[in-house]
Structure formats: structure tokens, C-alpha cells
Amino acid sequence: CIYEGGLLSDEYDGTIVAPNALHNLVWNSERIPHGSTYRTTDNPNLIDTTDRWFRPVYGGVGPDGAIYLADWYDSRLSHVSPTDDWHKESGRIYRIAPKNVTPRYTEGDLEEKTSQELISLFSHTNKWIRQRAAMVLGWRNDTSVVEELKKRVDQGSLESLWSLNLMDRFTKNDATKWLENKNPNIRRWIVRLMGDRHMSLPGLAQLASKETDIQVRSQLASTAKRVDAADGLAIIEGLIQHDSDAADPHLPLLIWWAIESHCENWEAIHSFLQQH
């Protein structure tokens, strides 16, 4: 998991917490931007033990901001023997929190909150609460807050966009406008949501040629595979104008997959090749 719980000290914010069952430890790593993706450097292990039975197989951040670990707790971690003789009652659950701090979840049942109270949680320090509030509001489909949510998207609120998406309450015109949003994460998610719907927008091809954020360009390459050939290849035409992306770890292959996915549409491919 990526820690965004708001309970541990700032040094853990945005870092990766990764259980390693084979080596009886839990890693903690920094995420460092690397083109359209990330690379990591390891911090000191979050947990390190000489107990060879410690087999952490899951790690996640709870509503209280603590990290929760599921420990299989067994002497072996393989299926070399077909005999089902694993320990059935020795598994454990650990909660990791700062010393002298008792983690508490204080927001109550989100289903019982008003829509305005849910919107107020979109800025909570705990990612679980932010995203759960957005889901509950989306499931509720309260049309009285649609315009407020749209204004919040204008200001860069991803949670507002996700709620609107669950309600299916934003138009193509809204999406086209948000492709110009100052927050690259809004642009990236609009591109992704259009791909999820297998729908294109006239602005996608224009965005591809001028987009300055490489992660948005990466999402454009992924979406180009999921829309029809003419629109997808128009997006690719914009993306290949960014010469610097030729050295990116993933973008060249994403672009190739998008072109390859449209090969059956010979007319569109022929037109594209004639231009390039």
C-alpha cells in the first residue's frame, strides 16, 4: 500500500509499505518519479524480525490511519507438500501506530452523514475516508449537490469528479472543459474515464500534442487503445510529437500497443501511415 493515513509521522507520507512473506519483514520505500512511472529507494524496514514464522501476506491502511498487517504465521510458505498440514489457528493481525497513540476512527457511519458532511470529508488527511466519502455520495446519487461538485472539480477536486462519475452526472461538455483544468490529475482522470466508457472527445487529440505532464500523456496512450481507430490514432499522432518520450520506460510500448490494437481497421491505419 501507499501510506496516506495521516496518523504516522510525515516521513511515511506517500511511501510504500510492502509485506515480504518470504523474508519475514515489511519493507518501506520512497517513491521517486521516473518518467511516466516511479522508481524506489528503500528506507529502513518497517518491521524486521528473527521470527521465521512471521509471514506478512497483506498490508493496508485503516480508517483510523494505522497500518494493518495480516500475518499467515507458519513455518513454511510454499506448496511443496500436497499434505494440507498448515496451521489453521495461528494467523495474526497486527496494527502499526506511533508509540503512546491509540488509533481511533471518529467519523462514524458515513452512510448516515448528510451530503454536505460527506463533501467536507473530501479534504480529510486519511485517503480511506476521502475516497469512501466520495463513494457513498456517488452511490446516494444526490442531484442537489451536482453543481457544487462541478465547481469543486473546477478547483481541482478529484473526489468530486469520482462522485460525479458514480452518479453519471457530467456531460461531454464538462469533460471537454476539464481537459483544460490546471490540475494534471483532473486531466488524467478525465482521459481515463473517457477510455473506461470507450468514448472519445475532440479535445483528446489536441491535448495529446500540447500536454506537458508525462503521466497525462501516459494515460492518453492507454485511452487511445480503448476508443475507435480514427480517434485513437489521432491521439497517437499528437503523442509522437513529444520526442523526449522516446526514452521513457513505458510510453513507447503504450503507443505501440495502441497502434497495434487498431490494425484491423486498415483504412485508418493506412491513412495514419501515409502521414507518418
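First, a word on scope: everything that follows refers to the structure included in this document. (Residues numbered from 1 in each chain as written. Predicted model: local features only at pLDDT ≥ 70, side-chain atom pairs only at ≥ 80, totals over all residues. Heavy atoms only, no water.)

Right, let's talk about the packing of helix α6 (residues 184-196) against helix α8 (residues 214-224) for a bit. Contact pair α6 / α8: the axes reach a minimum separation of 9 Å and the direction vectors enclose 5°. In terms of their interaxial angle, α6 and α8 are classed as roughly parallel. In contact with Pro 184, Arg 187, Arg 188, Val 191, Arg 192 and Gly 195 of α6, α8 contributes Gln 215, Val 216, Gln 219, Leu 220 and Thr 223. Taken together, the residues of the contact of α6 with α8 break down into 4 nonpolar, 4 polar and 3 charged. (Axes fitted to C-alpha atoms, helices over the stretch in contact; angles between N-to-C directions. Helix = DSSP H or I, 4+ residues; strand = E, 2+ residues; numbered from the N terminus. Parallel < 35°, antiparallel > 145°, perpendicular 65-115°, else oblique. Contact = heavy atoms within 4.5 Å. Nonpolar A, V, L, I, M, F, W, Y, C, P; charged D, E, K, R; others polar.)

Looking now at the sheet that holds strand β6 (residues 67-71). Taken in spatial order, the 3 strands of this open sheet run β5-β6-β7, and their pairing is antiparallel. With one partner strand each, in any of the chains shown, β5 (56-61) and β7 (92-96) form the two edges of the open sheet. Direction aside, the axes of adjacent strands within the sheet are offset by 20° on average. (Pairing = 2+ DSSP bridges.)

Another aspect to go through is helix α2 (residues 127-140). If you check α2, its first and last C-alpha atoms are 20 Å apart, about what 14 residues at 1.5 Å a residue would give, namely 20 Å. The complete set of buried residues in α2 reads Ile 129, Arg 130, Ala 133, Ala 134, Val 136, Leu 137 and Gly 138. For α2, the elements touching its buried residues are α1 (115-120), α3 (146-154) and α4 (158-167). Remark: Asn 141 follows α2 within two positions and exhibits a positive phi of approximately 55°. (Expected span 1.5 Å × (residues − 1). Buried < 20%, exposed > 50% of the residue type's maximum accessible area, 1.4 Å probe, protein only.)

Treat this as a map of the structure, not an account of what it does.
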